[in-house]
Amino acid sequence: MDKDVFNLIRLNINSVSIFARVMKILLTLLLLGALIFSACRKDQDNAKLPLVIATQFDTIGLASNTIMVEGLNRQITQLTNLMKTGRAAGQNVSETALLSLWSSGSADSILANRAVMPLSSRYTVWLRELVKASGNTWTPGITTGEGGVLGSGTSAYLFDENGVELEQLVEKSQFAGTQYRIALELLRSRTPENVQKALVLFGAPSTFPNSDKGSNPDRFSAAYAARRDKSDGLGYYTRIKRNFMELQAAAKADMTYEQEYQTALNNLKANWERALIATVINYCYSASTTLSVANPGPDATARALHAIGEAIGFTLGIKAIPVSDRLITDAQIDVILVLLNAPFNGTSSVYKFATESFQQLPKLDDNQGVIGQLKGIYGFTNAELTDFRQNWVNVQSR
């Protein structure tokens, strides 16, 4: 074969080989690009959109979904109303009627069945002591016996011989120890129905009025959260409303929004507890201010001891919440109860706030007293403590 022809053939073969290699590289690059494009497109398609929060609470099915919890609320209200009849001097409260309301009702609304340790064994004791005190009159440090009514008119309250308003222990302890605790149990199951039930247990209507007045007011914990909210968008009622709206939105969405649900739940827990503790502080301020004057008189003294009873009741209720679901420890709660002259496992002497005011009132103050202790535990600021003094529903006439 001619040498030039051979070289030409070899050149053509080499060119074809180079061309083939180049085409192979190009095809590989094209395939890689397609894979990258496909992956990016898939990531884009799977990107989670922000959770959409509705402007109004969804009430579809609310009435039927909340029959059980409404029944529970109704039992608490009826029990409280019966206890209140003992505030009238000479009015005896029926032990049979009280214990019947405590231990009867529909299966899920029987209060005795929903109470848990360490309070469950105490309710019947408190109710029986309230019955013993009813029908009598009482003056702290003077009257002996089983206690009775102190004060007159709207300032009349029923106390045991130690100055404890048992009505408040029974009622207010259930706001946290029964209603709040059951709400947390329900919210561990992520369903829209359970969010509705928890809202009813909180005591807020679906319209969130932020007021304990009017034709459809806030009740139970919600009523007190409203009193601690000055309508500036930062208060506990406003925060809790936002938490419930977030919970409902996340519960209605798919499982990719589980983290949003858990975040909203954790925020709700912190805000609900703080609203109740802020109310304890409010009542300590009220009692201290009332009893700091010389010779406050029976009506003012009754209002002050009533305020301390409220503080004791709210604090006791938090003790019934699982430790993992609250910010305050058992040991810290026990310190607060001792300062309120109502040790958890000891004899109460709440009456001393009236008979020995000068020595006793520092136990309530914002240094080493109840207010100061709670400020440290929850990290409240001085500005917050000042706000907690007020009932903002009354101040703002809403």
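The preceding data block contains the structure.
Residues numbered from 1 in each chain as written. Predicted model: local features only at pLDDT ≥ 70, side-chain atom pairs only at ≥ 80, totals over all residues. Heavy atoms only, no water.

Is there a simple way to think about the overall build of the chain in this case?
Within the chain one finds 18 helices and two strands. Out of the 398 residues in the chain, the part that is buried amounts to 46%. For the chain, contacts bridging at least 24 residues in sequence account for 68% of all contacts bridging at least 6. Here the chain displays about 18900 Å² of accessible surface, and carbon together with sulfur accounts for 56% of that area. (Helix = DSSP H or I, 4+ residues; strand = E, 2+ residues; numbered from the N terminus. Buried < 20%, exposed > 50% of the residue type's maximum accessible area, 1.4 Å probe, protein only. Contact = heavy atoms within 4.5 Å. Areas by Shrake-Rupley, 256 points an atom, 1.4 Å probe, with all protein chains shown as cover.)

I tried to follow unusual backbone geometry on my own but got confused; where do I start?
Negative phi is the rule for most residues except glycine; trans is the rule for most peptide bonds. With an omega of 10 degrees, the peptide bond between Met 117 and Pro 118 qualifies as cis. Its place among the elements puts Pro 118 in the loop between helix 5 (111-114) and helix 6 (123-133). Look at Asn 210: it is not a glycine, yet its phi comes out positive at around 60 degrees. Its place among the elements puts Asn 210 in the loop between helix 8 (192-202) and helix 9 (220-227). In this structure, Phe 220 is a non-glycine residue whose phi angle is positive, near 50 degrees.

What exactly am I supposed to notice about the side chain of Asn 341 here?
With respect to the element layout, Asn 341 can be found in the loop between helix 13 (330-339) and helix 14 (352-355). Of note is the side chain of Asn 341, whose polar atom sits 2.9 Å from the side chain of Gln 360. Sequence-distant contacts of Asn 341, that is, excluding residues within four places in its chain, are made with Ser 348, Ser 349, Val 350, Lys 352, Phe 353, Gln 360 and Lys 363. (Polar contact = N/O pair within 3.5 Å; in protein donor to acceptor, adjacent residues only side chain to side chain.)

Looking at this structure, I do not really get the side chain of Asp 218. What am I missing?
Relative to the assigned elements, Asp 218 resides in the loop between helix 8 and helix 9. Despite its burial, Asp 218 pairs with no opposite charge; the closest candidate is Arg 398, at 7.3 Å N-O. In this structure the side chain of Asp 218 is engaged in a polar contact, spanning 3.0 Å, whose partner is the backbone nitrogen of Asn 210. At 2.7 Å, the side chain of Asp 218 and the side chain of Tyr 237 are in polar contact. (Lys, Arg positive; Asp, Glu negative; His and termini not counted. Salt bridge = Lys/Arg side-chain N within 4 Å of Asp/Glu carboxyl O.)

Got a minute to help me understand the environment of Lys 197 in this structure?
By secondary structure assignment, the location of Lys 197 is in helix 8. It is 7.7 Å that separates the C-alpha atoms of Lys 197 and Leu 186, two residues lying eleven residues apart in sequence. Those residues in contact with Lys 197 that sit more than four places away from it in its chain are Asn 65, Thr 66, Val 69 and Leu 186.

What is the right way to read helix 6 from this model?
Think of an α-helix as turning once every 3.6 residues; residues three or four places apart then point the same way. When helix 6 is considered as a whole, its buried residues turn out to be Tyr 123, Trp 126, Leu 127, Leu 130, Val 131 and Ala 133. Projected down its long axis, helix 6 shows its buried positions confined to an angular sector of 165 degrees, all on one face. In the stretch just after helix 6, Gly 135 is the one whose phi turns positive, near 90 degrees. (Arc of directions from axis to C-beta.)

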